[in-house]
Amino acid sequence: MADAADVTGSAPPTAEEVRQLLERILCSRQFSNAPKKQKFLQLICEAYLDGRAGKLNEYLIGYEVFDRNETYDPALDSIVRVGAHEVRKKLESYYKSEGKNDEIHLEIPVVSRI
């Protein structure tokens, strides 16, 4: 999730540093008018920082971020995969502009489905 360039042998970022970066990203031009994308990024960052990243799944994100109900079936509704793709694109845009000098980069890994 959070990655710092390891060319200098620097320590991994602290939770506070990641939260400060997250706040800057959420207020950025790319995310400021995108509440669902903000909520998506905030949910996965907080889960990562709290050690719950392994418990995240499409169903939970669909329910928490996209207001899907208990009948939500990720196999039939790709909203979470599409949302993840859109958030990745917005992060890419952020790091090419406002965040080009940020030392910490948030990334959403692509998880292959088998």
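That block above? That's the structure.
Anyway, here's the lowdown on the structure attached to this text. The shown structure was predicted, so the numbers you read here are calculated from the model rather than taken from an experiment.

Turning next to the packing of aromatic side chains. Scanning all chains against the criterion turns up three aromatic pairs. Judged by centre distance (5.0 Å) and plane angle (75 degrees), the ring pair of Y94 and Y95 falls under edge-to-face. No difference in accessibility class separates Y94 from Y95, as the two residues are buried.

Positive phi outside glycine occurs at D67, with the angle close to 55 degrees. Assignment of secondary structure puts D67 in the loop between α3 (58-66) and α4 (79-96).

Now for the nonpolar core. In terms of nonpolar packing, the biggest core is built from 24 residues, with I25, F40, L41, I61, L91 and L106 touching the most fellow members. At the level of elements, α1 (15-26), α2 (35-49), α3, α4 and β2 (104-106) are the ones that each hand at least two residues to this core. If you tally residues by element for this core, the top one is α4, at six residues. Apart from residues no more than four positions distant in its own chain, I61 is found in contact with F40, L43, I44, L56, F66 and V80.

Within the structure shown, the criterion is met by eleven salt bridges. Two residues, R19 and D50, come together in a salt bridge whose shortest N-O distance is 3.5 Å. Of the two residues, R19 sits in helix α1 while D50 sits in the loop between α2 and α3, which places them 31 residues apart along the sequence. Since its relative accessible area comes to 30%, R19 is described here as partly exposed. Here D50 falls in the partly exposed class, since its relative accessible area comes to 44%. Here R68 makes a salt bridge to D77, at a shortest N to O gap of 2.7 Å. Among the ionic contacts, a cluster of salt bridges with common partners joins R19, E46, D50 and R52.

Next up on the list: the packing of α2 against α3. Across the interface, α2 lies against α3 with an axial gap of 9 Å and an inter-helix angle of 135 degrees. With respect to α3, the element α2 is oriented oblique. In the crossing of α2 with α3, the sense of the turn from one axis to the other is right-handed. Listed contacts from α3 to K36, K39, F40, L43 and I44 of α2 are I61, E64, V65 and F66.

Mapped onto the secondary structure, Q38 falls in helix α2. Among the polar contacts made by the side chain of Q38, one reaches the main-chain carbonyl oxygen of F31 at a distance of 3.1 Å. In contact with Q38, not counting residues within four places along its chain, are L26, F31 and S32.

Cut-off values and rules
Residues numbered from 1 in each chain as written. Predicted model: local features only at pLDDT ≥ 70, side-chain atom pairs only at ≥ 80, totals over all residues. Heavy atoms only, no water. Phe/Tyr/Trp six-rings, centres within 6.5 Å; stacked < 30°, edge-to-face > 60°. Buried < 20%, exposed > 50% of the residue type's maximum accessible area, 1.4 Å probe, protein only. Helix = DSSP H or I, 4+ residues; strand = E, 2+ residues; numbered from the N terminus. Core = buried A, V, L, I, M, F, W, Y, C linked by side-chain atoms within 4.5 Å. Contact = heavy atoms within 4.5 Å. Salt bridge = Lys/Arg side-chain N within 4 Å of Asp/Glu carboxyl O. Axes fitted to C-alpha atoms, helices over the stretch in contact; angles between N-to-C directions. Parallel < 35°, antiparallel > 145°, perpendicular 65-115°, else oblique. Left-handed = near helix turned anticlockwise from the far one by under 90°. Polar contact = N/O pair within 3.5 Å; in protein donor to acceptor, adjacent residues only side chain to side chain.

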